[in-house]
Amino acid sequence: MALTTPPIAQKKPHSFTHHGITVTDDYAWLRDPEYPDVDDAQVLAHLNAENAWFETRMAAQQGRIDTLFKEMRARIKEADKSVPQKDGDYLYWIEFEEGAEYKKWWRKPVAGGADELILDEVALAEGKEYFQLGAISVSMNGKLLAWSVDDNGSERFTARFKNLETGEILPDEIPEILSSLVWVAGDRGIVYSRANEQWRTDNARLHWLGQPNDSDVELYHEDDEGFRVGSSLSANEQWLIISTSDHETSEVRLVPAADPLATPLLVKPRQDGVEYDVDLHGETLFIHANDSHENFRLATAPLAQPGEWTTLIAGSDDFYLTGFDLFRDFYVIEGRVRGLDRIEVRYYDDPARIEPIEFAETSYSAGVGDNPEWAVTSLRLSYESMVSPSSVLEYDVATRQLTTLKVQEIPSGYDPTLYTTERLEITARDGTLIPVSIVYRKDRAMGGPLHLYGYGAYGIAIDPGFSTTRLSLVDRGFAYAIAHIRGGDDLGRAWYKAGKLERRTNTFHDFVDVARGLIDRGYTQAGRVSISGGSAGGELMGAVINSDPDLWGAAVAHVPFVDVLNTMLDPDLPLTPGEWPEWGNPIEDKAAFELIHSYSPYDQVKAQAYPPLLVTAGLNDPRVTYWEPAKWVARLREVKTDGNELLLKTNMGAGHGGKSGRFESLKETAEEFAFILWQLGVEG
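Because the structure is a prediction, the values reported are computed rather than measured.

With that out of the way, let us pick up the overall build of the chain. Each helix and strand counted, the chain has 12 helices and 39 strands in total. Relative to the compact-globule value of 26 Å for 684 residues, the chain shows a C-alpha radius of gyration of 25 Å, a close match. Principal-axis analysis of the C-alpha atoms gives the chain an extent of 65 × 55 × 50 Å. The 684 residues of the chain split such that 56% are buried. Within the chain, contacts between residues at least 6 apart in sequence are counted, and of these 55% link residues at least 24 apart.

What follows is the structure, given as structure tokens:
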């Protein structure tokens, strides 16, 4: 029987006091005390009731959902494969078969021979509600395969191993990992990081193939609970690189890959606020570091004196150096100029020789792709823009020529000449110019509906890339805009710093000011703007519907980080200690407590009219725990003064990323877009 009223969560009086400030939290009971196990009957009953209300209210939209899903799926080439890439004696590629949710991993000998199926995700996922492949790694001799799988969305992966010569699945099994899988010691061992009870990787461990797990050796242990440990191989595969870092400080150790039990070589002791990463070319270390400029420099050091850094490429206000890749005969740097990607080839023996790779469009997203070999003469690159589908390019280093190897195929058809993209700058309330990327059909009437997306945290830039799903809004008259707000590093490290800690509210103000600027320029109208964001971008959604509810015609918050204060006050939660450099530590710092409390969306819900809102959550989500969106929706239901839709959908068998599988995930996007179209009164 269809429900006629939304579920109302019971209020159970609860409060806490820090720094002399008392905060009321009457929905704290929605956090199961046994988490990560969630089996409290009352909690589950409430989440299921919210899901039932979601189904009831969206039932009338099912036809639209089906239409959207079909057109989104029709834009995906179902039987598809990647461009094969050489790595050692083999060419490797992945394939999707017609109708398959997951891919298959293939290879064949360069010298000739039959195709070999090395990993079948379709078979591994059979019968599972959720499936995610974590790491996958072929041994250096090409004879062994390691991979890891999460089958419930908790992001606790289990590693398995396979003999590629015989097809035998080896008995070794390593549970509870959250890391890459790095082959060492002549392919006799694998280096990984285990997640502890708080879902933190505070270690690098060595597993000897064929030996019991209790004989695994801890190569490094991190004592700072805010840091995370990861491992990789140097580009020449001679060194194991063990890195530990939080959001603003890092430290690196080197170990010979052939002798992983050797004493690690510390590159440079950690220094608060200094981030660095390294690779090696011969006896020379290359170091990407922000010690002398916030936009990073590239330095070198002799392996014998790894802490003695000499600048190779100085830091710059204009060029944000985001990374580098070493090869035998040259190296590549990546960065951004005014927010636009830039790739340069440079040479060890001629520092003055700089060869930028040129792209035709004025706004695009480009990067160095998969280039696994040390001695190469060409580079794989990725390229796309808001109107140009994703492409795989090959750049011949000697001739400086670009060749297109593959362009994303859209089976249902796509004509890029129907669309246009712009790069705007809109002035925020403090005078800062905020970049905005926007795409729309050339025949769109100005003033129509507009969808605005934002994130704005952790120094993560949102690239102006291509999306086939986005076309379902754009073809219905929407403009689609990305606000490159402070908190991301779209315009460099200063841009990131201007949206974190005590300046966090700049992120929210930027998003609102971009929306108002787009309205002022005639792109849309107040109330005709739909918005969306996920995780920290979901926090953004909560903040802007609190501050400026009348601007938005509809809002979608995916796994939203909205209970910021409570989460930052709980050091036992998986991410909290590592997040303090991003948000502040309200346990020790009263000013941080007061600031977080002043913008935390859950704490700032007030008696006012709110726009229509769709919220998603994942029961097994270790990043944004399910109770954050559940509590937020409960409080909104209690105090909001409007009759607008408020829907919460909790994936009961998934985590932070929602449903897995390339088509199942499309269904959730179709639901999101159907909600937006419904609330904005757009036909189709």
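Okay, the pairing of strand β35 (residues 479-483) next. The buried fraction of β35 is high, at five of five residues. With burial as the criterion, each face of β35 is covered, one bearing A479, A481 and A483 and the other bearing Y480 and I482. By the bridge criterion, four bridges tie strand β33 (residues 433-441) to β35 in an arrangement that is antiparallel. Counted as the bridge partner of S437 is I482 from β35.

Next up on the list: the environment of L452. When you line up the elements, L452 lands in strand β34 (residues 450-453). A C-alpha to C-alpha distance of 8.5 Å links L452 and A479, two positions 27 residues apart in sequence. Setting aside chain neighbours within four positions, we find L452 in contact with A481, A483, F511, V514, A515, L518, V529, S530, I531 and S532.

What follows covers helix α2 (residues 62-74). Helix length check: α2 (13 residues) gives 18 Å between terminal C-alpha atoms against 18 Å at 1.5 Å per residue, within 8%. Looking only at α2, the buried set comprises I65, L68, F69 and M72. For α2, the angular spread of buried residues about the axis comes to 100°, placing them on one side. Along its buried surface, α2 packs onto α1 (41-58), α4 (471-474) and α12 (664-680).

We now examine the nonpolar core. Counting 110 residues, the largest nonpolar core has L452, F511, L518, I531, W552 and W632 as the members making the most contacts within it. Sorting elements by how many residues they give to this core places α12 first, with eight residues. When near neighbours in sequence (up to four residues on either side) are disregarded, I531 contacts H451, L452, F511, M541, V544, I545, W552, A554, A555 and V556. The next biggest cluster of nonpolar side chains, apart from the first, holds 18 residues, and it includes F327, I357, F359 and L393.

For the rest of this paragraph, the subject is the sheet that holds β34. Overall, mixed pairing links the eight strands, which are arranged β32-β33-β35-β34-β36-β37-β38-β39 in an open sheet. Among the strands making up the open sheet, the edge pair consists of β32 (419-427) and β39 (646-651). The mean angle between the axes of side-by-side strands here comes to 15°, regardless of whether they run parallel or antiparallel. Where β34 meets β35, four bridges bridge the pair, whose relative direction is parallel. Pairing of L450 across the sheet is with A479, part of β35. Together, β36 (529-534), β37 (552-558) and β38 (613-618) form the strand contacts of helix α7 (residues 536-547), whose direction differs from that of β36 by roughly 140°.

Relative orientation of the contacting elements helix α6 (residues 505-520) and α7 amounts to 65°, with a least axis distance of 10 Å. By the angle between their axes, α6 is roughly perpendicular relative to α7. For the pair α6 and α7, the sense of crossing is right-handed. Every residue of α7 that contacts α6 at T507, F508, F511 and V512 is listed here: E539, L540, M541, A543, V544 and S547. Its residues assigned to classes, the contact of α6 with α7 comprises seven nonpolar, two polar and one charged.

Looking now at helix α9 (residues 576-583). Along α9, eight of the eight residues are buried, which leaves the element largely enclosed by surrounding structure. Within the sequence span of α9, burial applies to T576, P577, G578, E579, W580, P581, E582 and W583. Here the buried face of α9 lies against β16 (228-233), α5 (493-497), α7, α8 (564-568) and α10 (590-599). Remark: G584 follows α9 within two positions and exhibits a positive phi of approximately 110°.

Structurally, H46 can be placed in helix α1. When neighbours within four sequence positions are excluded, H46 is seen to be in contact with P7, A9, W29 and L30.

The full count for this structure, using the stated rule, is 47 salt bridges. Across the pair E116 and R107 runs a salt bridge whose closest N-O atoms are separated by 3.0 Å. The class of E116 is partly exposed, set by a relative accessible area of 23%. Among the charged side chains, a salt-bridge network with shared partners connects E222, E251, R253 and R270.

An order of β8-β9-β10-β11 is seen for the four strands of this open sheet, with the pairing classed as antiparallel. Edge positions in the sheet fall to β8 (132-138) and β11 (169-177), since each of these pairs with one other strand and no more. Shown here is a sheet whose adjacent strand axes are inclined to one another by a mean of 20°, direction ignored.

Tallied over the full model, the rule gives 22 aromatic pairs. A centroid spacing of 5.8 Å and a plane angle of 45° characterise the contact between F511 and W552, whose relative ring orientation is tilted. Of the two residues, F511 is situated in helix α6 and W552 in strand β37; the sequence distance between them amounts to 41 residues. Aromatic ring contacts, followed pair by pair, group Y35, Y626 and W627 into a single cluster. Over the ring of Y419 we find R441; its NZ or CZ atom is 5.7 Å from the centre of that ring. Lying across the ring of W495, R486 places its NZ or CZ 5.9 Å from the centre.

Before going further, it helps to examine the environment of L393. Structurally, L393 is set in strand β30 (residues 391-396). Classification of L393 as buried rests on a relative accessible area of 8%. Between the alpha carbons of L393 and I587 there is a distance of 50 Å; along the sequence they are 194 residues apart. Setting aside residues up to four positions removed in sequence, L393 forms contacts with F359, L379, R380, L381, Y383, L402, T403, T404 and L405.

Another point: the side chain of N290. Among the structural elements, N290 can be located in the loop between β21 (284-289) and β22 (297-302). N290 sits in the buried class, given a relative accessible area of 11%. In terms of polar contacts, N290 uses its side chain to reach the backbone carbonyl oxygen of G273, at 3.4 Å.

What counts and how
- Residues numbered from 1 in each chain as written.
- Predicted model: local features only at pLDDT ≥ 70, side-chain atom pairs only at ≥ 80, totals over all residues.
- Heavy atoms only, no water.
- Helix = DSSP H or I, 4+ residues; strand = E, 2+ residues; numbered from the N terminus.
- Rg over C-alpha atoms; globule rule 2.2 N^0.38 Å.
- Buried < 20%, exposed > 50% of the residue type's maximum accessible area, 1.4 Å probe, protein only.
- Contact = heavy atoms within 4.5 Å.
- Pairing = 2+ DSSP bridges.
- Expected span 1.5 Å × (residues − 1).
- Arc of directions from axis to C-beta.
- Core = buried A, V, L, I, M, F, W, Y, C linked by side-chain atoms within 4.5 Å.
- Axes fitted to C-alpha atoms, helices over the stretch in contact; angles between N-to-C directions.
- Parallel < 35°, antiparallel > 145°, perpendicular 65-115°, else oblique.
- Left-handed = near helix turned anticlockwise from the far one by under 90°.
- Nonpolar A, V, L, I, M, F, W, Y, C, P; charged D, E, K, R; others polar.
- Salt bridge = Lys/Arg side-chain N within 4 Å of Asp/Glu carboxyl O.
- Phe/Tyr/Trp six-rings, centres within 6.5 Å; stacked < 30°, edge-to-face > 60°.
- Lys NZ or Arg CZ within 6 Å of the ring centre and 35° of its normal.
- Polar contact = N/O pair within 3.5 Å; in protein donor to acceptor, adjacent residues only side chain to side chain.

Read these as geometric descriptors, not functional statements.
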